[in-house]
Amino acid sequence: VRTFAMPDGKSCPLPPPPAYSEEPASGFHNEAMEVYTIVKTLTDEQRAIARFWSDDPMLSSTPPGHWITIALQIMDRENAPLDRRAEVLALLGVAVADSFIGCWQTKFDYVLLRPITYIRRVIDPKWEPLLNTPPFPEYPSGHSTQSGAAAAVLTALYGENFAFEDATHTDDGLPPRSYPSFAAAAEEAALSRLYGGIHFRAAIERGLDQGACIGAHAAALKTRS
C-alpha cells in the first residue's frame, strides 16, 4: 500500500520490543504482569477510558474515525469555512492512512504475541481482558500510533494547548470527555489499550512515538499558497 506523506512504510521505524522471556524477573514478564494486575484491579475511571476509546470495527467509528469525528466536532463548533474543513480533513486523513501503513509494517516485522496469549500460557489460564483482542500482532499498538499521528497534525493546525470536548460516543450512552490538548487525548487513547488488556506498555508508548513521527510528515505538507 502506497504512503501519502512519509516516503515509505519504514520511514518511522521502531526498536524491537522487549525480548520475549517467561522468566519472572525479565522485562517481558514484568510488562505482562502489569497488564494482568491492572485489568484485575481496574477503577471505574479506567474502565470508562477503555470503553470510550475501544472503537471496535463494525461497532463504532474505529480509531481513525474517532479522530476524524473529533475534528468534525471542533470545526462544527467553530463554524469553520469550507477551505479550513478541507485542509483539516485532508491532513488528518493522510496522517491516519500513513500511520496504518507504518504501524502494520512494524507489526509484521516483529509479529509479537498478545497479552492474552502470554498471560494464559505463563501466568493465569483463566485470565480475561476487558476488551476483545484483535487478530493481528501486538507491537506496536495501532490505536496509539493512530492517535499519536492524529494529535501531531491537529496540534500543528490548532496549537499545543487547544482544549476540547469529545462527544463521539454520546449516541452509545457514553458521556463526553474533556481534554486540555490533543496530546493529552492521544495519551489517554493509548493507555486505554493497557486498561483493556490488549497491549503491553512498550507497544503503547512506542506506538505514540511512531505516530508522532508519521504525523510530522503529514503536518509538513503544504496546503496553502
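Look up a bit, the structure's there.
Scope of this entry: the structure provided in the associated data block. Keep in mind that this is a model prediction, so the values were computed, not measured. (Residues numbered from 1 in each chain as written. Predicted model: local features only at pLDDT ≥ 70, side-chain atom pairs only at ≥ 80, totals over all residues. Heavy atoms only, no water.)

## Details of the state of the cysteines
Right, on to step 1. All told, the structure shown has one disulfide when counted by the stated rule.
Right, on to step 2. The disulfide partner of C12 is C213, and the gap between their sulfur atoms is 2.1 Å. With the S-S dihedral at roughly -75 degrees, the linkage between C12 and C213 falls on the left-handed side. Pair noted here: C12 is in the segment before α1 (27-40) and C213 is in helix α8 (residues 201-219), with a separation of 201 residues, a long-range link.
Right, on to step 3. Since its relative accessible area comes to 29%, C213 is described here as partly exposed. (Disulfide = S-S within 2.5 Å. Helix = DSSP H or I, 4+ residues; strand = E, 2+ residues; numbered from the N terminus. Buried < 20%, exposed > 50% of the residue type's maximum accessible area, 1.4 Å probe, protein only.)

## Here's the deal with unusual backbone geometry
Right, on to step 1. Note that the residue after Y139, namely P140, is joined by a cis bond; omega there is 0 degrees.
Right, on to step 2. Secondary-structure assignment places P140 in the loop between α5 (115-122) and α6 (142-158).
Right, on to step 3. The backbone of V111 sits at a positive phi, close to 45 degrees, despite the residue not being glycine.
Right, on to step 4. With respect to the element layout, V111 can be found in the loop between α4 (82-110) and α5.
Right, on to step 5. Residue class for V111 comes out exposed when judged on its relative accessible area of 53%.

## Notes on the environment of E34
Right, on to step 1. The residue E34 is located in helix α1 in this model.
Right, on to step 2. According to the relative accessible area criterion, E34 is partly exposed, its value standing at 23%.
Right, on to step 3. Separated by 23 residues in sequence, E34 and S11 place their C-alpha atoms 31 Å apart.

These figures come from the coordinates and say nothing about function on their own.
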